[in-house]
Amino acid sequence: MPSPYVTHPEAREIVFDFLEGYDVLGAFWMTVKLTALSAVGSLIWGTLLAAMRVSPVPLMRGFGTAYVNIVRNIPLTVIILFSSLGLADIFGVTLGTDDFKAQGFRLAVLGFVAYTAAFVCEALRSGINTVPVGQAEAARAIGLGFSQTLRLIVLPQAFRSVIGPLANVLIALTKNTTVAAAIGVAEAAALMKTMIENEAQTLLIGAVFAFGFVVLTLPTGLILGWLSKRLAVKR
Amino acid sequence: MSSVLYDTPGPRAKRRNVVLSVVFFVLLVLLLWWIYRTMDDKNQLTSALWKPFTESEAWTTYLLPGLANTLKAAALAMVIGLPLGAVFGIARLSDHRWVRAVSGTVVEFFRAIPVLLLMLFANEFYSRSTNVGSADRPLYAVVTGLVLYNAAVLAEVVRAGILSLPKGQTEAAYAIGLRKGQTMSSILLPQAVTAMLPAIVSQLVVIVKDTALGGVMIGFTELLNARGTLAANYANVIPSFIVVAAMYIVLNFILTSFASWLERYLRRSKRSTGAVLGAEDMEELNPAAVGGTFGTGAGGGFGSGTGV
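Residues numbered from 1 in each chain as written. Chains lettered and ligands numbered in written order. Predicted model: local features only at pLDDT ≥ 70, side-chain atom pairs only at ≥ 80, totals over all residues.

### Quick look at the overall build of chain A
Short version of the rule: The helix and strand labels rest on DSSP assignments: H or I over at least four residues marks a helix, E over at least two residues marks a strand, and numbering proceeds from the N terminus. For every residue, the other C-beta atoms within 10 Å of its own C-beta are counted; 20 or more classify it as buried, 12 or fewer as exposed, and values in between as partly exposed. C-beta atoms are placed from the backbone. Contact between residues is assigned whenever the C-beta positions, reconstructed from backbone atoms, fall within 7 Å.
Along chain A, the regular secondary structure elements total eight helices and zero strands. Helices and strands in chain A line up, N terminus first, as α-α-α-α-α-α-α-α. With respect to the principal axes defined by its C-alpha atoms, chain A has extents near 80 × 45 × 25 Å. Per-residue burial for chain A yields a buried fraction of 46% across its 235 residues. Taking the contacts inside chain A whose residues are at least 6 apart along the sequence as the reference set, 72% of them involve residues at least 24 apart.

### Some thoughts on the nonpolar core
Put simply, the rule reads: For the purposes of this analysis, a nonpolar core is taken to be any set of buried Ala, Val, Leu, Ile, Met, Phe, Trp, Tyr and Cys residues that are connected through C-beta atoms within 7 Å.
Core analysis: the largest hydrophobic core is formed by 147 residues, its most contacted members being A:V78, A:A108, A:M192, B:L116, B:L117, B:M119 and B:L120. In terms of residue count, helix α6 (residues 137-163) of chain B provides more of this core than any other element does, 18 residues in total.

### Things to note about the interface of chain A and chain B
Basically, it comes down to this: Think of it as three bins: nonpolar holds Ala, Val, Leu, Ile, Met, Phe, Trp, Tyr, Cys and Pro, charged holds Asp, Glu, Lys and Arg, and polar takes everything else, Gly as well.
Each partner contributes to the interface: chain A provides 58 residues, whereas chain B provides 48 residues. Contributions of two or more residues to the side of chain A that touches chain B are made by α2 (58-72), α3 (76-88), α4 (100-129), α5 (133-141), α6 (146-176), α7 (188-198) and α8 (202-231) of chain A. For the side of chain A that touches chain B, the element with the most residues is α2(A), which contributes nine residues. Of the residues assigned to the side of chain A that touches chain B, the class counts are 38 nonpolar, 13 polar and seven charged.

### Focus on the UniProt feature "domain: ABC transmembrane type-1" (unreviewed entry) in chain B
Definition in use: UniProt positions are given in the numbering used here, feature names are shortened, and annotations may be inferred rather than shown by experiment.
When the UniProt feature table is mapped to this numbering, "domain: ABC transmembrane type-1" (unreviewed entry) covers residues 67-255 of chain B. End C-alpha atoms of residues 67-255 of chain B are separated by 15 Å, and the span's content is 85% helix alongside 0% strand.

### Some remarks on the packing of α7(A) against helix α5 (residues 115-129) of chain B
Each pair of packed helices can be summarised by the angle the axes make with each other and by the distance between the axes. Here is the rule: The axes used here are C-alpha line fits, helices contributing only the stretch in contact, and every angle between their N-to-C directions lies in the interval 0 to 180 degrees. Angles below 35 degrees are treated as roughly parallel, those above 145 as roughly antiparallel, those between 65 and 115 as roughly perpendicular, and all remaining angles as oblique.
Relative orientation of the contacting elements α7(A) and α5(B) amounts to 10 degrees, with a least axis distance of 10 Å. By the angle between their directions, the pair α7(A) and α5(B) is classed as roughly parallel. Between α7(A) and α5(B), the residues in contact are A:A189, A:M192, A:K193, A:I196 and A:E197 and B:L116, B:L117, B:L120, B:F121 and B:E124, respectively. Looking at the contact of α7(A) with α5(B), its residues break down into seven nonpolar, no polar and three charged.

### A few points about the environment of A:L170
All names here are of chain A. Here L170 lies in helix α6. Classification of L170 by C-beta neighbours within 10 Å gives buried; the count is 24. Between the alpha carbons of L170 and I196 there is a distance of 27 Å; along the sequence they are 26 residues apart. Those residues in contact with L170 that lie beyond four places of it in its chain are A39 and T220.

### What to know about the UniProt feature "transmembrane region" (unreviewed entry) in chain B
Residues and elements named next belong to chain B. Per the UniProt record, "transmembrane region" (unreviewed entry) is annotated on residues 18-36, 73-91, 98-119, 139-158, 187-208 and 237-262. Secondary structure content for residues 98-119 is 91% helix and 0% strand, and the end C-alpha separation is 29 Å. This span, residues 187-208, is 100% helix and 0% strand, and a straight line between its end C-alpha atoms measures 32 Å.

Spelled out as structure tokens, the structure:
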């Protein structure tokens, strides 16, 4: 989308006029929506995967391990591109909408969920692993059953140590949503590509978008980092 | 086998586990069968679509040159990014507050920005402000983006590597009269580099994965980009995706295995101080990093016997 100001060089005197005609906030809102939906989805799928990876059933453990190791070694770009060119174009997966834009958005979320869930799974699993076996043994020794051990002893400690790693995954997910630009979702990176190609102020445009991502990721890191330190189990 | 979640199973738990195994197995078979049927329905299993991969043309014309470019970009990014990262990592440990502040800000800034933005920006910057030819520009842009991001991550690795060394190393160096710079260059850094090696190899996996961004967004002819050309030529979108994904998995599997072998080797080796920065530490520094779960003791892969 060329700016209306291309034909008026004198208008460039005004520093921020390059923002006019572009919906920067709208693009970042799309980034936020992608992040939020993918975060919820990957938390659910990742928890299921983690449950499989720590289960006493070898087959489930094998499936969880295989999923995580395969998905983590494929570039996210391949997954996102496949969801569009493969799932949608070849297999006709429409995800319940005919609208091209909505479909791209949903496919991107699907790809992010599939990819990020592997990292969520690892964060949760390492969280459970930080709980010393002695804690559960002590719980069994005082006569608590399986569900009581899990509910009162293991999970409360595991959740606390999992906040930090999960916050890292969330920050990585926020940055990863830019990959959706590869299948035409109108989020921040896609808009930056359009703007940087059509406007003269390369450096300013870069700074605006960089600032946007710093604003999105920095508070998440600070708040959740503070929370994880505060809640950490002192051992 | 017991873990923090459950005790060694008794007769009842054993029966239940068998039932769960059977149910899960049936579900898994149904899923695989459904995938097979869907592929078959869309004629994705016909031999014509897969045949190109048995002939040398597909490999020599598309996939291997693509793979070579992927490796070239990744290697360049690591070779340029590591010294840069070392400089910033050491600067963050400086005794002067302003040096710490400046390098800390730079590192945190580049860690907060998506690699894709850096690549897009570099691409545009090279096209406007330099005379880099349009044929070389994508490679330059991809490497620049990767270097900026990974130097920031590697700075953290270097910092963690130096901090992981026992304090006695610094104290002993000062005791024999070495200066700060001498201590860093002849005592701390050589040991830190050894301790960091596994983490550095793990970071290579992230770099390899990120090169794919350049293929789609700025036309760098790496593996994923070559897949597009290949699929356009042979009209085999799904098989090409599967083959390329498998190539990435194998490549990254080799790197991860090497990293975890290195980690085990360094932990065993008697000559070091015992400080090793492994894949698990890497996840904290860069959550996008692929941890060495392939067969590492800590990760607990197939049958590694770690319990959970």
